[in-house]
Amino acid sequence: MERIYLDHAATSPVHPHAAEAMIPYLTDFFGNPSSIHHFGRQARAGLDEAREKIAAFIGASYNEIVFTGGGTEADNLAIIGYARANRQKGNHIITASTEHHGVLNACKLLETEGFEVTYLPVDEYGRISLKGLEAELKDNTILVSIMTANNETGILQPIKEIGALLKSHSAVFHTDAVQALGKHLINVEEMHIDMLAASAHKFNGPNGVGFLYVKQGIELSPILFGGEQERKRRAGTENTAGVIGMYRALEISLEHREARNEDYLSFRNLLLEKLFEADVKYVINGDAPYMLPNVLNLSFPGANVEQLLMNLDLEGIAVSSGSACTAGSVEPSHVLLSMHGENERSKSAVRFSFGYGNTSGQVEKTAQVLNKVLKRMKI
Ligand SMILES: Cc1ncc(COP(=O)(O)O)c(C=O)c1O
């Protein structure tokens, strides 16, 4: 049975060229980049080159990139690190109710430390209101954290407009660009972004490595305690091979961005067209003009999503639900709840996410299998 992987928003395979670029840094150039001898300098040179390139890809400078152990750590460092270091400026933070838990749980922690957090609501498409954000800005607001694209729906937030709005306010702007980077063009300078979190495994780099862009002059308190790596902002020996893999993967993603995005859009349309032809009843969670091309979140009203995912897996199709399944009951995701409230739509959502290696043949097969499974489930 051919297995079809349509869960690239969860994680995506390492691109073979990225894997190839990593190997010498696992075998020959294995030194600790902080060591001053030849072996250390070799590793440092690779790390420096990757830092330079990654910075250039997003319109940043070399010393504005902090390597981390992934997206969650980058979000945590931005939010907790900034709030703790800048407490004297104010204690109010604004974020959105649909953020990733890497942001939401960092904010929850800060609430226990005396920070006040406003969680902006979203409309039925998952977008925040700029006017709503503006209304919540106060003199003591020090940080606004709004994600570039949502991991469950692919919905894009008005990042450029938020950056422009905050130009006239002292709050800094952090964006979680974990899902967007590599698919959506980002230039931190043009978009007035002060901090940006990224994670390699979402753009065909390895798991467990990411980075935080931190605009020059921004003070962060470290959240890890140890050595003085990454200009004292992130203790711990850098994952040199991982960083090299991340840089190559991002380079490849950006090189092929337009062609790949076109493919993903055609996959999305093909899936919807085939489901429509087969008379499958679905609702799109999101708003096509404001969505990443590779994510499609569909609700199949009446479907038991746990059963649906299990049946699809048995037929070789790997997708994910917008819900956390616990002991037989389905908890709708906080994202869908924020968009639609507690209803059938929020409980029957499936996320299809396209990526490296997918073909239109696989998408057609997915539509056929989905139709078969739903009919079998009498949906
Ligand atoms: C939007 C978003 N932010 C943060 C993360 C966390 O990234 P990581 O898995 O690298 O910790 C994810 C991963 O799913 C994500 O989708």
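Calculation rules
Residues numbered from 1 in each chain as written. Predicted model: local features only at pLDDT ≥ 70, side-chain atom pairs only at ≥ 80, totals over all residues. Heavy atoms only, no water. Domains from an automatic or database assignment. Contact = heavy atoms within 4.5 Å. Buried area = accessible area lost by both parts, 1.4 Å probe. Salt bridge = Lys/Arg side-chain N within 4 Å of Asp/Glu carboxyl O. Polar contact = N/O pair within 3.5 Å; in protein donor to acceptor, adjacent residues only side chain to side chain. Helix = DSSP H or I, 4+ residues; strand = E, 2+ residues; numbered from the N terminus. Pairing = 2+ DSSP bridges. Axes fitted to C-alpha atoms, helices over the stretch in contact; angles between N-to-C directions. Buried < 20%, exposed > 50% of the residue type's maximum accessible area, 1.4 Å probe, protein only.

S.K.: Could you clarify how one ought to interpret the domain arrangement of the protein chain in this entry?
M.R.: How large an interface is tends to be reported as the accessible area lost when its parts come together. Annotation of the protein chain at the domain level lists domain 1 (16-255) and domain 2 (257-376). Spacing between the C-alpha centres of domain 1 and domain 2 amounts to 28 Å. With 31 residues of domain 1 at the contact, the number on the domain 2 side is 22 residues. Between domain 1 and domain 2, the buried area comes to about 2300 Å², and carbon and sulfur atoms account for 55% of it. By the criterion of area lost to domain 2, the three top residues of domain 1 are E152, T153 and K183, representing 31% of everything that side buries. On the surface where domain 1 and domain 2 come into contact, there are zero salt bridges. At the boundary of domain 1 with domain 2, the tally comes to 12 residue pairs in polar contact (both at pLDDT 80 or more). Counting residues per element, the ones that place at least two in the side of domain 1 that touches domain 2 are α4 (101-112) and α8 (240-255).

S.K.: Teacher, can you tell me more about the sheet that holds strand β8 (residues 210-214) here?
M.R.: Think of a sheet as strands paired side by side through backbone hydrogen bonds, with each pair either parallel or antiparallel. Spatial ordering of the open sheet is given by β2-β8-β7-β6-β5-β3-β4, a layout of seven strands whose pairing is mixed. Each edge of the open sheet is held by one strand with a lone partner, namely β2 (65-68) and β4 (116-120). Averaged over all pairs of adjacent strands, the angle between their axes in this sheet comes to 20 degrees, without regard to strand direction. Packed onto the sheet, helix α2 (residues 38-57) meets β2 and β8 and runs at close to 115 degrees relative to β2.

S.K.: Explanation requested: the pairing of β8 in the structure shown.
M.R.: For a regular strand, the rule is simple: side chains alternate between the two faces of the sheet. Among the five residues that make up β8, five are buried, leaving the element largely enclosed by the rest of the structure. Going residue by residue along β8, you find G210, L212 and V214 tucked away on one face and F211 and Y213 tucked away on the opposite face as well. Pairing geometry for β2 and β8, over four bridges, is antiparallel. In the strand pairing of β8, I65 is matched with Y213. Across five bridges, the pairing between strand β7 (residues 195-199) and β8 is antiparallel. Counted as the bridge partner of L196 is Y213 from β8.

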